[in-house]
Amino acid sequence: MGEVYSNFMRSLLSSEFTISGEIDPPKDANRAAVEEQVKHLKDHVVAANVTDNPIGDVIMNTLAPCVIMQELGLEAIYQATCRDRNRIALQSDIIGAAALGIKNVLALTGDHTKMGNHPQAKPVFDLDSVLLTQTLRRLREGENMAGEKLEHPPKVHIGVGLSPGVEPLEPEIIKLEKKIEAGAEFVQTQCIYDEKVLERLKEATAHLDIPILPGIAPLRSVGMAKFMQANVPGISIPEEMLAKLEKSKDLTETAIDIAAELIAAVKDYGFPGVHIMPVGMDRYVGEMIARSGVRR
Amino acid sequence: MIITRQKPLEEIKETLSRYKGVALIGCGGCVAFYQTGGTKQTKEMAAKLREAGVNVVALGVSNRQCYLCEEKEVADLSDAERIRKVARELEGFSKLEEAEAVLSLACGVGVQNLANILDMPVLPAQNTLFMGRRRVEGDFDLEQCIGCGNCILAFTGGICPVTRCAKSLMNGPCGGVFNGMCEVSKSRVSEHPVPCAWIEIYNKLKKQGRVDEMRKIRPPKDFTKAAHMRKVAWGL
């Protein structure tokens, strides 16, 4: 590891259990909605991701919440997807983000334009997540894709995604290996609900030297659980988890409990940290972590 | 082959409405093979248009509308003579002088090629969709090549990710693969399910014992090779 620019990377390199969170930008210009989430996460996570128009819906861009949260003292992980920007815009945005103090970037492919609320839009995908990773490293090393030298390179740490529940897993792992070769320094995964998937992830990545933060997200209802199982690639939800939700008299409490159990399981499996996607339950993230016991 | 589908009759009628007489010219190439613009379909189109009140004065079929003749060969001819030169007669070719426009049942290449040698307007009867092949099993035509200008099939198991991955990814599947299917299959605007091209590539390469091809980082596409409008000299 060369120079370290961010608190998030510093934490990953230390022996402490690293917890990242996630901010969902609002669909309008409501700054307070960002501030509210930051307030709930700030004391519990080292850094938080800001999503880049997930499923292709039009919402506030990634950069604005990143800047707002850093002003409020929470470090940002800027998610950059290849869906809407060609190589010119991607490089330019990262350079701008770095000038505004962004220290971590998560390079993702991005959902297809057809999945969101503007399905007629032109999908870009000029680069893919491997090539975006490579581009970020090249920029950081002081050169853009045209080979022009940068006197003030964007000093950002580069993260990548992983979907550990997909079948077959081998192509996904091959792609991760390519991302690591391209310059990836940390991994945050798609949400995991099943310990079998954690185990599978552990085994499949045992040969790789990169910190992997399994993703977890609270299940707020049986409906949400079933929807995710049916519609989100690579998600399997164990029967006993569904039963717990079905029997629940207080869904918020149950959601916190399940999330806490998952966080604890992530630590038990020996992962260096966890990525919590609160999906609207940001005010309970502190409680999820407290109940998990990972900080004791 | 070039895959096409006929435009709705209403739309064709509308584009023809300002002309007193129309000649229909089908094509003996891809559209004949795939039965969207050959002899039979040209006759059927003439019947439908006549029923709808359009004055179809003549109908014929060119051999390959994408390859007719050189401009200079027809420089001194009238439009009627030019049509007689490039199309086989089915009906009414003696009345070609009455035609004020041509409706072509060829693909976009054919329409433009015919338009290039005629002075009168040449209008399309078809929407040109893509380069692909017919899959009889399943009853559909499948896009196979977008003509990106830099073929990578050598290391993708003969399956093109530029064409068949919804995101044209170069380096493996994205996280949107769901039971072997592409995430766009679940989109409400998708008409049919599509398999993940990269899982197909992986399976094929695995069968051929060369999954290692997937381990190499493939460079970004060079879009100078794919930007419109393309032209290529002979002998290159």
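What comes next concerns the included structure. What you see is a predicted model, and the numbers here were worked out from it, not measured in a lab.

What follows deals with the overall build of chain A. Helix and strand counts for chain A come out as eleven helices and eight strands. Taking 2.2 N^0.38 as the reference for a compact globule, 296 residues should give roughly 19 Å; the C-alpha atoms of chain A span a radius of gyration of 18 Å, in line with that estimate. Burial status across chain A gives 50% buried among its 296 residues. Taking as baseline every contact in chain A between residues at least 6 positions apart, the subset at least 24 positions apart corresponds to 79%.

In this section: the pairing of strand S8 (residues 273–276) of chain A. The side chains of a regular strand alternate between both faces of the sheet. All names here are of chain A. On S8, burial covers both faces: Gly273 and His275 on one face and Val274 and Ile276 on the other are all buried. Two strands pair when backbone bridges link them, and strand S1 (residues 18–23) and S8 are joined in this way by three bridges, in the parallel orientation. Bridging across to S8, Ser20 finds its partner in His275. Note that strand S7 (residues 212–216) and S8 share two bridges and pair parallel. From the neighbouring strand, Ile216 faces S8, where its bridge partner is Ile276.

Let us look at the interface of chain B and chain A. Facing 26 residues of chain B, the contacting portion of chain A comprises 30 residues. The class makeup of the residues in the side of chain B that touches chain A is 15 nonpolar, seven polar and four charged.

Here the focus is unusual backbone geometry. All names here are of chain A. Each neighbour pair has its own omega, and for Glu167 with Pro168 the value is -10 degrees, a cis peptide bond. Tracing the sequence through the fold places Pro168 in the loop between strand S5 (157–162) and helix H6 (170–182). Positive phi is not limited to glycine here, since Val279 has a value of about 35 degrees. On the secondary structure map, Val279 appears in the loop between S8 and helix H11 (285–292). Look at Val279 and you get partly exposed, because 16 C-beta atoms sit within 10 Å.

All names here are of chain A. Its place among the elements puts Leu12 in helix H1 (residues 7–13). Along the chain, Leu12 and Phe186 lie 174 residues apart, while their C-alpha atoms are 8.4 Å from each other. Setting aside its immediate chain neighbours within four residues, Leu12 contacts Thr18, Phe186, Pro211, Pro272 and Gly273.

What follows covers H6(A). Taking 1.5 Å per residue, 13 residues should reach 18 Å; H6(A) reaches 18 Å between its end C-alpha atoms and fits that length. By the burial criterion, the buried members of H6(A) are A:Pro171, A:Glu172, A:Lys175, A:Leu176, A:Lys178, A:Lys179 and A:Ala182. For H6(A), the angular spread of the buried residues around the axis is 160 degrees, confining them to a single face. Check the buried side of H6(A) and you find it contacts helix H5 (129–140), S5 and strand S6 (186–191) of chain A together with helix H7 (197–207) of chain B. Directly after H6(A), the chain includes A:Gly183, whose backbone phi takes a positive value near 130 degrees.

Residues and elements named next belong to chain A. Interhelical geometry of helix H2 (residues 31–41) versus helix H3 (residues 63–71) gives an angle of 50 degrees and a closest axis separation of 10 Å. One element, H2, and the other, H3, form an angle in the oblique class. The handedness of the crossing between H2 and H3 is right-handed. Across the interface between the two elements, Arg31, Val34, Glu35 and Val38 of H2 pack against Pro65, Ile68 and Met69 of H3. Of the residues assigned to the contact of H2 with H3, the class counts are five nonpolar, no polar and two charged.

All names here are of chain B. If you walk across this open sheet you meet the three strands as S1-S7-S8, and the pairing is antiparallel. On the outer flanks of this sheet lie strand S1 (2–6) and strand S8 (140–145), each paired with one strand and no other. The mean inter-strand angle of the sheet, taken between neighbouring strand axes irrespective of direction, is 70 degrees. Sheet topology places S1 next to strand S7 (residues 126–135); five bridges connect them, and they run antiparallel. The residue bridging Arg5 from the neighbouring strand is Asn127, located in S7.

Next up on the list: the nonpolar core. The nonpolar side chains of soluble globular proteins are, as a tendency, buried together. Judged by nonpolar contacts, the single largest core of 101 residues is most densely connected at A:Val105 and A:Ile216. When residues of this core are assigned to their parent elements, the largest contribution, nine residues, is made by helix H10 (residues 251–268) of chain A. Sequence-distant contacts of A:Ile216, that is, excluding residues within four places in its chain, are made with A:Cys191, A:Ile192, A:Ala259, A:Leu262, A:Ile263, A:Val266, A:Val274 and A:Ile276. The next biggest cluster of nonpolar side chains, apart from the first, holds 38 residues, and it includes B:Ala46, B:Val57, B:Val61 and B:Ala99.

This brings us to the sheet that holds strand S4 (residues 87–91) of chain B. Residue and element names in this part refer to chain B. If you walk across this open sheet you meet the five strands as S4-S3-S2-S5-S6, and the pairing is mixed. The sheet is open, and its two edges are formed by S4 and strand S6 (122–124), each paired on a single side. Put simply, the sheet's adjacent strands are angled 30 degrees from each other on average, direction ignored. Two strands pair when backbone bridges link them, and strand S2 (residues 22–27) and strand S5 (residues 101–104) are joined in this way by four bridges, in the parallel orientation. Paired with Ala23 across the bridge in S5 is Val102.

Mapped onto the fold, A:Tyr78 is located in strand S3 (residues 75–81). Ignoring any residue separated from it by four or fewer positions in sequence, one finds A:Tyr78 in contact with A:Val50, A:Thr62, A:Cys66, A:Ala97, A:Ile102, A:Asn104 and A:Val105.

Moving on, we come to the packing of H10(A) against H11(A). All names here are of chain A. At a closest axis distance of 8 Å, the pairing of H10 and H11 adopts a crossing angle of 55 degrees. When the axis of H10 is compared with that of H11, the two are oblique. Considering only the axes of H10 and H11, their crossing is right-handed. Across from Ile256, Asp257, Ala259, Ala260, Ile263 and Ala264 in H10, the residues of H11 making contact are Glu287, Met288, Ile289, Arg291 and Ser292. Residue classes in the contact of H10 with H11 are distributed as seven nonpolar, one polar and three charged.

About the criteria used
- Residues numbered from 1 in each chain as written.
- Chains lettered and ligands numbered in written order.
- Predicted model: local features only at pLDDT ≥ 70, side-chain atom pairs only at ≥ 80, totals over all residues.
- Helix = DSSP H or I, 4+ residues; strand = E, 2+ residues; numbered from the N terminus.
- Rg over C-alpha atoms; globule rule 2.2 N^0.38 Å.
- Buried ≥ 20, exposed ≤ 12 C-beta atoms within 10 Å, placed from the backbone.
- Contact = placed C-beta atoms within 7 Å.
- Pairing = 2+ DSSP bridges.
- Nonpolar A, V, L, I, M, F, W, Y, C, P; charged D, E, K, R; others polar.
- Expected span 1.5 Å × (residues − 1).
- Arc of directions from axis to C-beta.
- Axes fitted to C-alpha atoms, helices over the stretch in contact; angles between N-to-C directions.
- Parallel < 35°, antiparallel > 145°, perpendicular 65-115°, else oblique.
- Left-handed = near helix turned anticlockwise from the far one by under 90°.
- Core = buried A, V, L, I, M, F, W, Y, C linked by C-beta atoms within 7 Å.

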